[in-house]
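# Reading the structure
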Amino acid sequence: GQGTGVVVITDGLIKGGDSMMYYVGTFKESTNGAIVGALHVEKHSDVPGMLSVFKINDLNLNFSGTSTNTSATINGVAEEAPTVPFDAQLTLIE
């Protein structure tokens, strides 16, 4: 599946969500743009006809990727759903 959401990334912290789930976590970024981090993702609202891409409403996601000044690409896996890949493209909104 796929979806869209908003995250605020500052000082090594990530907070965000979409219409059904919220995300909180941490990340580290190296000087060469490599990113590693972890998110806790949990359902906050029932949305008729909408399911988590992981089919789980409470999970922990580990990710890694690369970033520039205006975007990041991350890939990861949820501990609770190791066979479901996670890929995200983050774009800076100014």
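Scroll up for the structure.
Figured I'd write up the structure that's included with this text. Small disclaimer: the values here were computed from a predicted structure and weren't measured.

Cut-offs applied
- Residues numbered from 1 in each chain as written.
- Predicted model: local features only at pLDDT ≥ 70, side-chain atom pairs only at ≥ 80, totals over all residues.
- Heavy atoms only, no water.
- Helix = DSSP H or I, 4+ residues; strand = E, 2+ residues; numbered from the N terminus.
- Rg over C-alpha atoms; globule rule 2.2 N^0.38 Å.
- Buried < 20%, exposed > 50% of the residue type's maximum accessible area, 1.4 Å probe, protein only.
- Contact = heavy atoms within 4.5 Å.
- Lys, Arg positive; Asp, Glu negative; His and termini not counted.
- Charge placed at Lys NZ, Arg CZ, Asp CG, Glu CD.
- Pairing = 2+ DSSP bridges.
- Core = buried A, V, L, I, M, F, W, Y, C linked by side-chain atoms within 4.5 Å.
- Axes fitted to C-alpha atoms, helices over the stretch in contact; angles between N-to-C directions.
- Salt bridge = Lys/Arg side-chain N within 4 Å of Asp/Glu carboxyl O.

### A short note on the overall build of the protein
Each helix and strand counted, the protein has 0 helices and 7 strands in total. When the helices and strands of the protein are listed from N to C terminus, the series reads β-β-β-β-β-β-β. Against the globule reference of 12 Å for 94 residues, the protein gives a C-alpha radius of gyration of 13 Å, in line with a compact fold. The principal-axis extents of the C-alpha atoms in the protein amount to approximately 40 × 30 × 20 Å. Burial statistics for the protein: of 94 residues in total, 29% are counted as buried. Contacts in the protein between residues far apart in sequence, at least 24 positions, make up 29% of those at least 6 positions apart. Across the protein, the 4 positively charged side chains and the 10 negatively charged ones have centroids separated by 3 Å.

### Let's talk about the pairing of strand β1 (residues 6-10)
Relative to strand β2 (residues 13-17), β1 runs antiparallel, the two being bridged by 5 bridges. Residue Val 7 lies in a different strand from β2, and its bridge partner there is Gly 16. Linking two consecutive strands that pair antiparallel, namely β1 and β2, is a turn of 2 residues; a positive phi of about 50° is found at Asp 11 within it.

### Digging into the nonpolar core
Ranked by internal contacts, the top residues of the largest apolar core, which has 18 residues, are Leu 39, Phe 54, Leu 61 and Phe 63. Secondary-structure elements contributing two or more residues to this core are β3 (21-29), β4 (34-43), β5 (58-67), β6 (71-78) and β7 (81-91). Non-local contacts of Phe 54, meaning those with residues more than four positions away in its chain, are made with Leu 59, Leu 61, Ala 78, Ala 81, Val 84 and Phe 86.

### Regarding the sheet that holds β6
Taking strand neighbours across the sheet as the criterion, the 7 strands line up as β1-β2-β3-β4-β5-β6-β7 in an open arrangement whose pairing is antiparallel. Edge positions in the sheet fall to β1 and β7, since each of these pairs with one other strand and no more. For this sheet, the mean inter-axis angle between neighbouring strands, taken without regard to orientation, is 20°. Relative to β6, β5 runs antiparallel, the two sharing 7 bridges. Paired with Leu 61 across the two strands is Ala 78, which belongs to β6.

### Some words on the pattern of salt bridges
Taken as a whole, this structure holds 1 salt bridge when the rule is applied. A salt bridge links Asp 46 to Lys 43; the shortest N-O distance between them is 2.4 Å. For Lys 43, a relative accessible area of 28% corresponds to the partly exposed category.

### Quick notes on the environment of Ala 88
Mapped onto the elements of the fold, Ala 88 is located in strand β7. Residues Ala 88 and Asn 75, spaced 13 residues apart in sequence, show a C-alpha to C-alpha distance of 6.5 Å. For Ala 88, the residues in contact, after removing those within four places along its chain, are Ala 72, Thr 73 and Ile 74.

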